[in-house]
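# Structural overview for review
Residue-level listing of the chains:
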Amino acid sequence: DTGVSQNPRHKITKRGQNVTFRCDPISEHNRLYWYRQTLGQGPEFLTYFQNEAQLEKSRLLSDRFSAERPKGSFSTLEIQRTEQGDSAMYLCASSLRRGLAGNTDTQYFGPGTRLTVL
Amino acid sequence: AQSVTQPDIHITVSEGASLELRCNYSYGATPYLFWYVQSPGQGLQLLLKYFSGDTLVQGIKGFEAEFKRSQSSFNLRKPSVHWSDAAEYFCAVGDPAGGNYQLIWGAGTKLIIKP
């Protein structure tokens, strides 16, 4: 079990550029989550996947944001036309949801990608 | 709507002293409850969790938390802190009725350890 990994760890970009982040979950985990965390705050939920299906998106996820998990393994989060307000830590988590009735899975987090938009 | 309050932004304790970090939540029933710790440059690490059953939960690194339904609280405790416990601590709740996919987080409490 190598844990959740995220790349890159840091990204500095200019306003208006597109950026893409990658998350590799714990290998047997079927659920994958994206959160955003700004300084002095707790994480805020953005979206999550069950296998390759994106099941929920927060209102925080504007049209400039898109997430994919094409084969139910790794996921990418793309931000188009970045704005200074997008500067934050982007956190990925994964969990193992067993069966249809159980919902006591626990989310395990990666180290995050810190985005700075100049 | 669910919410989580961590009333203390910063707490300073001496090494070896006891610790209690407060967490209060707003939710219509009993939520799932979590404490995570975040160190600089590190991801969020799960300390402990409560789904049901015994209201006193033991976690890693000598931490424990007690769920008190009457007070809507889930306070984190440690009898004797070590310098390595200096970090930011987050309380989070999950919604059992809503499928427990979206965690709602408090703003965190930064723990400072005095030598």
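See the structure printed just above.
These remarks concern the structure in this document. Remember, it's a predicted structure, so these values are computed and weren't measured experimentally.

### Quick notes on the packing of aromatic side chains
- Going through the model one piece at a time under the given rule, you end up with 20 aromatic pairs over all chains.
- Aromatic pair B:Phe34 and B:Phe51: ring centres 5.8 Å apart, planes at 80 degrees, arrangement edge-to-face. In this pair, B:Phe34 sits in strand 5 (residues 32-38) while B:Phe51 sits in the loop between strand 6 (44-50) and strand 7 (56-58), placing the two residues 17 residues apart along the sequence. Here B:Phe34 matches B:Phe51 in class, with each residue buried.
- Through pairs of rings, three or more aromatic residues link up here, namely A:Tyr33, A:Tyr35, A:Phe45, A:Tyr48, A:Phe109, B:Tyr32, B:Phe34, B:Tyr36, B:Phe51, B:Phe90, B:Tyr101 and B:Trp105.
- Looking at A:Arg22, its charged tip hangs above the ring of A:Phe74, at a distance of 3.9 Å from the centre.

### A word on the pairing of strand 2 (residues 10-14) of chain B
Residues and elements named next belong to chain B.
- Side chains of strand 2 alternate between two faces, with Ile11 and Val13 buried and His10, Thr12 and Ser14 left unburied.
- In the sheet, strand 2 pairs with strand 12 (residues 109-114) via 5 bridges, with the strands oriented parallel. Bridge assignment links Ser14 to a residue of strand 12, and that residue is Lys114.

### Thoughts on the pairing of strand 12 of chain B
Residues and elements named next belong to chain B.
- Residues of strand 12 alternate between two faces, with Thr109, Leu111 and Ile113 buried on one and Lys110, Ile112 and Lys114 left unburied on the opposite face.
- Summarising the sheet, strand 10 (residues 87-94) and strand 12 pair through 3 bridges and their orientation is antiparallel. Residue Tyr89 lies in a different strand from strand 12, and its bridge partner there is Thr109.

### Regarding the state of the cysteines
All names here are of chain A.
- The tally for this structure, following the rule as stated, stands at 2 disulfides over all chains.
- With a sulfur-sulfur separation of 1.8 Å, Cys23 is cross-linked through a disulfide to Cys92. Between Cys23 and Cys92, the disulfide has an S-S torsion of -70 degrees and is therefore left-handed. Here Cys92 lies in strand 9 (residues 88-95) and Cys23 lies in strand 3 (residues 19-24), a separation of 69 residues in the sequence. For the pair Cys23 and Cys92, a shared accessibility class is recorded, and that class is buried.

### Things to note about the interface of chain A and chain B
- The interface is formed by 23 residues belonging to chain A together with 21 residues belonging to chain B.
- With both sides pooled, the region where chain A packs onto chain B buries about 1700 Å², and carbon together with sulfur makes up 51% of that total.
- Taken as a group, A:Asn103, A:Thr106 and A:Phe109 account for 27% of the area that chain A buries against chain B, more than any other trio of residues on that side.
- Summed over the shared surface of chain A and chain B, the number is 0 salt bridges.
- Seen at the junction of chain A and chain B, the total is 5 residue pairs in polar contact (both at pLDDT 80 or more).
- Residue assignment for the side of chain A that touches chain B shows that the elements contributing at least two residues are strand 4 (31-37), strand 5 (44-50) and strand 10 (108-109) of chain A.
- Per element, the largest residue contribution to the side of chain A that touches chain B is 4 residues, and it comes from strand 4 of chain A.
- Its residues placed into classes, the side of chain A that touches chain B shows 9 nonpolar, 9 polar and 5 charged.

### A short note on unusual backbone geometry
Residue and element names in this part refer to chain A.
- Residues Asn7 and Pro8 are joined by a peptide bond in cis, for which omega reads -10 degrees.
- By the secondary structure assignment, Pro8 is in the loop between strand 1 (5-7) and strand 2 (10-13).
- With phi around 50 degrees, Arg81 is a residue other than glycine that occupies positive phi space.
- By the secondary structure assignment, Arg81 is in the loop between strand 8 (75-79) and strand 9.
- Looking at Arg81, the relative accessible area reads 47%, which means it is partly exposed.

### Considerations on the environment of B:Ser3
- Along the chain, the position of B:Ser3 falls in strand 1 (residues 3-5).
- With residues up to four places along the chain from it excluded, the contact list for B:Ser3 reads B:Asn24, B:Tyr25, B:Ser26 and B:Ile104.

About the cut-offs
- Residues numbered from 1 in each chain as written.
- Chains lettered and ligands numbered in written order.
- Predicted model: local features only at pLDDT ≥ 70, side-chain atom pairs only at ≥ 80, totals over all residues.
- Heavy atoms only, no water.
- Phe/Tyr/Trp six-rings, centres within 6.5 Å; stacked < 30°, edge-to-face > 60°.
- Helix = DSSP H or I, 4+ residues; strand = E, 2+ residues; numbered from the N terminus.
- Buried < 20%, exposed > 50% of the residue type's maximum accessible area, 1.4 Å probe, protein only.
- Lys NZ or Arg CZ within 6 Å of the ring centre and 35° of its normal.
- Pairing = 2+ DSSP bridges.
- Disulfide = S-S within 2.5 Å.
- Contact = heavy atoms within 4.5 Å.
- Buried area = accessible area lost by both parts, 1.4 Å probe.
- Salt bridge = Lys/Arg side-chain N within 4 Å of Asp/Glu carboxyl O.
- Polar contact = N/O pair within 3.5 Å; in protein donor to acceptor, adjacent residues only side chain to side chain.
- Nonpolar A, V, L, I, M, F, W, Y, C, P; charged D, E, K, R; others polar.

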